[in-house]
Amino acid sequence: DSAAHSLIAGTIAGAVEGAITYPTELVKTKIQLQGSQQYLAQGGHTYHGPIDCATSTFRTQGITGLYRGLTPMLLGNAAKAGVRFLTYDTVKAQLRDENGKLTMARMMLAGLCAGVIEGGTVVAPSETIKTRLIHDQCMPKPQYHGMVDCVQKAIQKDGIRGIYRGVVPVMARQGANSCVRFASYDTLKQLVIGYTGTETLPFAYSFGLGMAAGTITVYATMPFDVVKTRMQSLSASLEYRNSLHCAWKVASSEGIQALWKGATPRLSRLMFSGAIVFAVYEETMKVL
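Residues numbered from 1 in each chain as written. Predicted model: local features only at pLDDT ≥ 70, side-chain atom pairs only at ≥ 80, totals over all residues. Heavy atoms only, no water.

## A short note on the nonpolar core
Ranked by internal contacts, the top residues of the largest apolar core, which has 22 residues, are Phe85 and Tyr88. When contributions to this core are tallied by element, the ones reaching two or more residues are helix H1 (2-33), helix H4 (70-95), helix H5 (104-138), helix H7 (167-196), helix H8 (203-231) and helix H11 (263-287). Sort the elements by how many residues they give to this core and H11 lands first, with 5 residues. Not counting the four nearest positions on each side in its chain, Tyr88 is found in contact with Met107, Ala110, Gly111, Ala114, Phe182 and Asp186. With 14 residues, the next largest nonpolar core counts Tyr22, Val27, Ile31 and Leu33 among its residues. (Core = buried A, V, L, I, M, F, W, Y, C linked by side-chain atoms within 4.5 Å. Buried < 20%, exposed > 50% of the residue type's maximum accessible area, 1.4 Å probe, protein only. Helix = DSSP H or I, 4+ residues; strand = E, 2+ residues; numbered from the N terminus. Contact = heavy atoms within 4.5 Å.)

Spelled out as structure tokens, the structure:
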């Protein structure tokens, strides 16, 4: 069953990618959080860039500090990739013409559908918990003792919507991510297949194509990611009315470039995450 195979391969690919690239995700999130008025007022630690953030975290909290929030991220990543590939392959199959071909617009539509569905189902809660745990780590007096404690306190304070904070920018980011990444990857893949004349690409080709698709995705979708992180921070309700207000406030008070905060660690992560996810997915599908 191709749908089941897509789900299994996507889930495995997401879990592998999440475990390998997580420290870059943590650094990116910390860089994005700093700069808001509430973060500074609450005594949040300020870093002088991605390298300072990584080294300072490692120096003060050890290797485990670089993996704070990994569990919700890992669970969410595995589920996200599974839902993404299942939805993308299902929608793509419905959009093919009578000759089995897909236009770029239909490819992007399939990616958009996959991203919006994964964002609204599994990414929003896992990202909210991950962001809260990382934000908490930056505070003078951390209040969470782990993922379960964070979930319980979030629900006690705000109800179930407490773990679905920032669902709109999450869905926008995931939709744009998948739309751009899948369209980039499939377009580049077809070019390579046309050049090499073989339908089954070697591992190195899949890895390189995934890396290129990840790079394109970062710069196209970075503002969504910054707004998502700010909306899921511990102090979001005190500072932002909604996602549009958040984007406006970040741009007006910190400069338009602040909407691309954390681009370097996110680029390093998404370049390799794109490569790892697509390569592991293709290899797993061969086995299945």
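Moving on, there is more to tell.
## What about the environment of His5?
Looking at where His5 falls in the secondary structure, it is placed in helix H1. When its relative accessible area of 24% is taken as the criterion, His5 is described as partly exposed. Sequence-distant contacts of His5, that is, excluding residues within four places in its chain, are made with Met285 and Leu288.

## Structural notes on the side chain of Asp136
Secondary-structure assignment places Asp136 in helix H5. Those residues in contact with Asp136 that lie beyond four places of it in its chain are Arg68, Pro142, Gln143, Tyr144 and Leu234.

## Considering H5
Taking 1.5 Å of rise per residue, the 35 residues of H5 would be expected to cover 51 Å, yet its terminal C-alpha atoms sit only 43 Å apart, more than 12% below that figure. At Val123, H5 shows its strongest bend, of approximately 55°, with the proline Pro125 following within four residues. (Expected span 1.5 Å × (residues − 1). Bend = angle between axes of the 7 residues up to and from the residue.)

## As for the environment of Ala78
Looking at the secondary structure, you find Ala78 in helix H4. Residue Ala78 is classed as buried on the basis of its relative accessible area of 12%. With 61 residues separating them along the chain, Ala78 and Glu17 place their C-alpha atoms 8.7 Å apart. Look past the residues within four positions of Ala78 in its chain and what remains in contact with it is Gly10, Thr11, Gly14 and Ala15.

## A word on the side chain of Arg269
Looking at the secondary structure, you find Arg269 in helix H11. The class of Arg269 is buried, set by a relative accessible area of 9%. Non-local contacts of Arg269, meaning those with residues more than four positions away in its chain, are made with Glu17, Thr21, Thr24, Glu25, Met73 and Asn77.

## Focus on a nonpolar patch on the surface
Taken together, the side chains of Ile8, Ile12, Val16, Ile20 and Leu288 make up a nonpolar region of the molecular surface, amounting to roughly 400 Å² of accessible area. Tracing the backbone through its elements, the reader meets Leu288 in the segment after H11. Judged by its relative accessible area of 41%, Leu288 falls in the partly exposed class. (Patch = residues over 30% accessible without salt bridge, like charges linked within 9 Å, V, L, I, M, F, W, Y side chains within 5 Å. Areas by Shrake-Rupley, 256 points an atom, 1.4 Å probe, with all protein chains shown as cover. Salt bridge = Lys/Arg side-chain N within 4 Å of Asp/Glu carboxyl O.)

## A closer look at the packing of H4 against H7
Two numbers describe how H4 lies on H7: the axes approach to 12 Å, and their chain directions differ by 60°. Looking at the two axes, H4 sits oblique to H7. Helix-helix and strand crossings are classified by hand; for H4 and H7 the assignment is right-handed. Along its contact with H4, which presents Lys80, Arg84, Phe85, Tyr88 and Lys92, the element H7 presents Gln174, Ser178, Arg181, Phe182 and Asp186. For the contact of H4 with H7, the per-class residue count stands at 3 nonpolar, 2 polar and 5 charged. (Axes fitted to C-alpha atoms, helices over the stretch in contact; angles between N-to-C directions. Parallel < 35°, antiparallel > 145°, perpendicular 65-115°, else oblique. Left-handed = near helix turned anticlockwise from the far one by under 90°. Nonpolar A, V, L, I, M, F, W, Y, C, P; charged D, E, K, R; others polar.)

## Quick notes on empty space enclosed by the protein
Left-over empty space is what a probe sized like a water molecule reveals as it rolls over the atoms. By the definition in use, this model includes 2 cavities of 30 Å³ or more. Taken as a whole, the largest cavity holds about 180 Å³ of empty space. Taken together, 18 residues line the largest cavity, and the ones lying closest to its centre are Lys80, Arg84, Arg181, Arg269 and Leu270. In terms of residue count, the dominant contributor to the lining of the largest cavity is H11 (5 residues). Of the residues that constitute the lining of the largest cavity, the class distribution is 3 nonpolar, 5 polar and 10 charged. Taken as a whole, the second largest cavity spans an internal volume of roughly 40 Å³. Taken together, Pro72, Met73, Gly76, Asn77, Lys80, Val123, Ser126 and Glu127 form the lining of the second largest cavity. Counting residues per element, the lining of the second largest cavity draws most heavily on H4, at 5 residues. (1 Å grid on protein atoms, 1.4 Å probe; cavity = no way out; pocket = protein on both sides within 12 Å on 5 of 7 lines; lining within 4 Å. Points joined across faces, edges and corners; volume = space filled by probe spheres on them.)

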